[in-house]
Amino acid sequence: MMKQKDNTHTNTIIKEELDFAVIGAGIAGLTFANKMHSLGFSTQVFEKSRGTGGRISSKKVHNSGQQEMAFDLGCVSFSAKSLPFKSQLECWHQIGVISPWLEDEQGILYYVANSRNSSLTRYLSKHLDCHFSTRITSINNNGVWELLCCRTDKEQTIVYANNIVLATPSAQAFDLLPNQLKMKDFILFSMVSMIPVI
């Protein structure tokens, strides 16, 4: 990948033009990125946190005896309503990434990942080019999408992509959209329904 630094040594321009820049390393973003990667598209994932997870993120800590413990910070478990996602959960179960946790009175089966829920997104990211601790601060389109990424106070990167995918909560996605984008004038994200991508 070619990089060019400017005179202030604070900006790095990535000259490679991606097919897809995916913002958000949760289940949705990583599933999409894997699909595009498998089809041969150049795809990179950008995540502001230190690792994968999104709404199924986890945190490792050590107790007073220096034993490692893990806490799930997002949802306790996950289930499926759509048939494609049910099939996907069963596939992940068969390869040992997730395990059934409980079945409710309506017969809905809930799963958890082994050994913590973020293990699922770590599995989904293992063949992808992911940039962690990287916050996208602005998005503009000048014939191609330009993403300004901040990793530290003194390191900013401009990434070029033909397509962007905002796999983030709707409020975060709305804040990232360019103000001149016409659809931002009338979109009310509070009215947008969230649906599974798989």
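To be clear, the structure that these remarks concern was listed above.
Residues numbered from 1 in each chain as written. Predicted model: local features only at pLDDT ≥ 70, side-chain atom pairs only at ≥ 80, totals over all residues. Heavy atoms only, no water.

Novice: Help me understand the overall build of the protein in this model?
Specialist: Each helix and strand counted, the protein has 4 helices and 11 strands in total. In the protein, buried positions account for 35% of the 198 residues. Counted over contacts in the protein with a minimum sequence separation of 6, partners at least 24 positions apart contribute 51%. Of the roughly 12,200 Å² of accessible surface on the protein, 53% is carried by carbon and sulfur atoms. (Helix = DSSP H or I, 4+ residues; strand = E, 2+ residues; numbered from the N terminus. Buried < 20%, exposed > 50% of the residue type's maximum accessible area, 1.4 Å probe, protein only. Contact = heavy atoms within 4.5 Å. Areas by Shrake-Rupley, 256 points an atom, 1.4 Å probe, with all protein chains shown as cover.)

Novice: Just to check I follow, could you spell out the packing of helix α1 (residues 27-38) against helix α3 (residues 118-125) for this structure?
Specialist: Angle between the axes and distance between the axes: these two values describe a pair of packed helices. Contact geometry for α1 and α3: axes closest at 9 Å, N-to-C directions at 20 degrees. When the interaxial angle is binned, α1 and α3 end up roughly parallel. Along this stretch, α1 crosses α3, giving a crossing that reads as left-handed. Along its contact with α1, which presents I27, L30, T31 and N34, the element α3 presents L120, T121, L124 and S125. Taken together, the residues of the contact of α1 with α3 break down into 4 nonpolar, 4 polar and no charged. (Axes fitted to C-alpha atoms, helices over the stretch in contact; angles between N-to-C directions. Parallel < 35°, antiparallel > 145°, perpendicular 65-115°, else oblique. Left-handed = near helix turned anticlockwise from the far one by under 90°. Nonpolar A, V, L, I, M, F, W, Y, C, P; charged D, E, K, R; others polar.)

Novice: Before we go on, may I ask you to explain the side chain of T121 in this structure?
Specialist: Here T121 shows up in helix α3. Polar contacts involving the side chain of T121 include one to the side chain of T52, which spans 2.8 Å. Sequence-distant contacts of T121, that is, excluding residues within four places in its chain, are made with A25, G26, I27, L30, T52, G53 and I56. (Polar contact = N/O pair within 3.5 Å; in protein donor to acceptor, adjacent residues only side chain to side chain.)

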